[in-house]
Amino acid sequence: MLIAFDLLNIYYLPQYSPIIERLKARGHRVQIIGYANKNDTHTYGDILKQLDVELLWVKDDKEAASLYQTNKPDWVFFGNKFNYLDEVHLYSKTAQLGHGIGPKPSYYHKSCTPMTVRFIEGSLRLEKINQLYPNDNFVQVGFSKLDPIINGQEPGLDLIKLGLDPTKPTLLYAPTFNPSSLECFPDNWPADFAEFNLLIKAHSITLTREQYAKQREKLARWTTFDNVYVAGDHDLSLLPFMHNADLLISEASSTLFEFAALDKPVIVCNFFKLKWNYRGIFRYRFYKRFGKDNVLYNNIGAHINAYSELQQCVKQQLAEPQQYHKQRQQYTQDHVGPTDGKASDRIVDYLESH
């Protein structure tokens, strides 16, 4: 078979990669279709070449649709909705695979244009999306991104090489870009956590888009501390960071689900900075996008309402890492799905049998 992966955004890649490896192992031909208008072809081209598959660049979705009609792959994977599905379906079957499992309503609404199949992670997610789109085809497989770390194939980071101390406990701070707690953390916060290694993995949008320059200024200040490693745009996957970390700090990133699935403690920041068009009289836009009745992180771990509460909370959670064990198990079942390391195999099995 020929299977194409529509790489609209580079941050889809960690979700695609384990599936690509399984497809290659079973002798299938794989193409990655990158979008030059969305991703730096020079920066990411070398990373994509390491996958040892065919790499093709298009300028936009219209050109991608034309390419699919020409190449006629058996399957095309998409990480979001696609405007030219009817044209693609003339020759190919399509699969939707979300890059994350966060609380935004867009997780569900990206299925408003039905593909041949959408692969779903957890049982609660499957139940809800079936209610929203009862006539479409959804198959629960788990979360393919986690397969390498569950299967022991993820080596993690070399802390010594990064200038960190492997004898210290390691904290992972993984803020999303919007709404983000990043700008609410003080410039010198690494000094408050000198007894820890701090791994800071911001969203790739924070690192690349002009409107998040203030967030990048914060990151630049934090890189000056000896106990910090700030991920760059070449650090696409969160898995190496998760492997080394003892505890995760975030606010609205689906990383919270992923880390909890490893049964490690998480701290949820209830404070964040909203973009100007989500504040004041425009706050309704925030609720419309992020929802009130969708998936929330209420019981997944400890919550703090201000940075000033973080030190005490970190120490308490590391001293009692099993406090939220049962809640993490439930969240994993509901939202992440099976954690047997075989999500990618289930996906490839489906492609081969259909």
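Residues numbered from 1 in each chain as written. Predicted model: local features only at pLDDT ≥ 70, side-chain atom pairs only at ≥ 80, totals over all residues. Heavy atoms only, no water.

As a further point, take the sheet that holds strand E5 (residues 93–96). If you walk across this open sheet you meet the seven strands as E3-E2-E1-E4-E5-E6-E7, and the pairing is parallel. Each of the sheet's edge strands pairs with one partner strand only, and the pair in question is strand E3 (54–58) and strand E7 (138–140). For this sheet the average axis-to-axis angle between neighbouring strands, irrespective of direction, equals 25°. In this sheet, E7 lies alongside strand E6 (residues 117–120) in parallel orientation, the contact comprising three bridges. If you follow Ile120 over to E7, its bridge partner there is Gln140. Across the sheet, helix H3 (residues 61–71) lies against strand E1 (2–7), strand E2 (29–35), E3 and strand E4 (75–78), angled at about 135° from E3, the strand it touches most. (Pairing = 2+ DSSP bridges. Helix = DSSP H or I, 4+ residues; strand = E, 2+ residues; numbered from the N terminus. Axes fitted to C-alpha atoms, helices over the stretch in contact; angles between N-to-C directions. Contact = heavy atoms within 4.5 Å.)

Further remarks concern the packing of aromatic side chains. Any two aromatic rings considered together are summarised by their centre-to-centre distance and by the angle between their planes. Scanning all chains against the criterion turns up 26 aromatic pairs. Geometrically, the ring pair formed by Phe193 and Phe196 is tilted, given 6.0 Å between the ring centres and 50° between the ring planes. For the pair shown, Phe193 and Phe196 are each scored as buried. Among the aromatic residues, those joined into a ring-pair cluster are Phe5, Tyr11, Tyr12, Tyr16, Trp75, Phe77, Phe119 and Tyr350. We note Lys72 situated over the ring of Tyr91; from NZ or CZ to the ring centre the distance is 4.5 Å. (Phe/Tyr/Trp six-rings, centres within 6.5 Å; stacked < 30°, edge-to-face > 60°. Buried < 20%, exposed > 50% of the residue type's maximum accessible area, 1.4 Å probe, protein only. Lys NZ or Arg CZ within 6 Å of the ring centre and 35° of its normal.)

Every buried residue belonging to helix H16 (residues 343–353) is among Ala343, Ser344, Ile347, Val348, Tyr350 and Leu351, and all of these are buried. Across the axial projection of H16, the buried residues extend over an arc of 155°, all falling on one side. Tucked into the core, H16 has its buried residues touching E1, helix H1 (13–25), E4, E6, E7 and helix H7 (147–150). (Arc of directions from axis to C-beta.)

We now examine the environment of Ile33. Turning to its location among the elements, Ile33 is positioned in strand E2. According to the relative accessible area criterion, Ile33 is buried, its value standing at 0%. The sequence separation of Ile33 and Asp6 amounts to 27 residues, and the corresponding C-alpha distance is 5.0 Å. Discounting residues that sit within four places of it in the chain, Ile33 has contacts with Ala4, Phe5, Asp6, Leu7, Leu56, Val58, Leu67 and Tyr68.

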